[in-house]
Amino acid sequence: GRIARERYFVGTAQGKLLAVDLKDGRLAWSYDCGDKIVSPPTVDSEWVIVSGAKGKVHCLSTDGAFKWSSELTDTIQPETDGVIFRNHFFIGTKKGVILAIDVWTGRPVWQFTTVGYSEKEPRGVLANGIVSKGRFFLGCEDHFFYCFTLD
């Protein structure tokens, strides 16, 4: 799980996204994603984004208000979460596609297919990635390190 705004956010194998109040330990809210959650939620000061095992991404506010859900063309590696930066959610898929999704609408802004996608057995994204100095860095299972300028 992840901590933000005095809450602990965690997904369950039963498909629930939970927000637990850290002050009293009570459940602040829950949301049924309808699919097993295999990765920790990505959380910032406003957004909680989580992906299900079948490739659907859900976005809620940290207060529990539903924002959007979006079907991806592929699934996300278990234990891999994304990065939120400047109103975009960045994440990679099992087949090696790196996505930038608008956090306000859930629509893809751009995508990049890694070299590993064209291999006999597609090689995916196994890392969370990081943003530094206006660039998104991500290492992939195809043994390449990718850098995208975000400015």
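Up top you'll find the structure we're talking about.
Residues numbered from 1 in each chain as written. Predicted model: local features only at pLDDT ≥ 70, side-chain atom pairs only at ≥ 80, totals over all residues. Heavy atoms only, no water.

Right, let's talk about the sheet that holds strand β13 (residues 130-132) for a bit. Strand order in the open sheet formed by three strands is β13-β14-β15, with antiparallel pairing between adjacent strands. One side of each edge strand has no neighbouring strand; the edge strands of this open sheet are β13 and β15 (145-149). Ignoring which end each strand starts from, the neighbouring axes of this sheet average 25° apart. Judged from the three bridges that link them, β13 and strand β14 (residues 135-139) form a sheet pairing that is antiparallel. Residue pairing in the sheet places S132 in a bridge with R135 of β14. (Pairing = 2+ DSSP bridges. Helix = DSSP H or I, 4+ residues; strand = E, 2+ residues; numbered from the N terminus. Axes fitted to C-alpha atoms, helices over the stretch in contact; angles between N-to-C directions.)

Time to look at the packing of aromatic side chains. Counted according to the given criterion, the structure contains 11 aromatic pairs. Aromatic side chains W110 and F148 sit 5.1 Å apart centroid to centroid with 35° between the ring planes, which places their arrangement in the tilted category. Here W110 is found in strand β12 (residues 108-113), whereas its partner F148 is found in strand β15, with 38 residues between them in sequence. Overall, F148 belongs to the buried group, its relative accessible area being 14%. (Phe/Tyr/Trp six-rings, centres within 6.5 Å; stacked < 30°, edge-to-face > 60°. Buried < 20%, exposed > 50% of the residue type's maximum accessible area, 1.4 Å probe, protein only.)

Here the focus is the pattern of salt bridges. Throughout the structure, instances matching the rule amount to four salt bridges. Residue K23 is joined to E6 by a salt bridge in which the shortest nitrogen-to-oxygen separation is 3.0 Å. Taken together, the positions of K23 in the loop between β3 (16-21) and β4 (27-32) and E6 in the loop between β1 (2-4) and β2 (7-11) put the pair 17 residues apart, joining distant regions of the chain. Using a relative accessible area of 68% as the deciding quantity, one classes K23 as exposed. K16 serves as the salt-bridge partner of D32, at 4.0 Å between the closest nitrogen and oxygen. With a gap of 16 residues between them, D32 in strand β4 and K16 in strand β3 connect regions that are remote in the sequence. (Salt bridge = Lys/Arg side-chain N within 4 Å of Asp/Glu carboxyl O.)

Glancing now at the sheet that holds β2. The strand order across the open sheet formed by four strands is β1-β2-β3-β4, and the pairing between neighbours is antiparallel. Looking at the sheet topology across the chains shown, the edges are occupied by β1 and β4. Between one strand axis and the next, the sheet turns through 20° on average, direction left out of account. One ladder, built from five bridges, connects β2 with β3; its direction is antiparallel. Its bridge partner being in β3, Y8 is matched across the sheet by V20.

Further remarks concern the state of the cysteines. Structurally, a disulfide amounts to a covalent bond that connects the sulfur atoms of two cysteines. For the structure shown, the criterion picks out zero disulfides. The thiol of C59 is not disulfide-bonded; the next cysteine sulfur, from C33, is found 11 Å away. Summary of cysteine pairing: C140 is not part of a disulfide, and the nearest cysteine sulfur, belonging to C147, is at 12 Å. Overall, the relative accessible area of 10% leaves C140 in the buried class. (Disulfide = S-S within 2.5 Å.)

Spatial relationships are all this shows, so hold off on functional conclusions.
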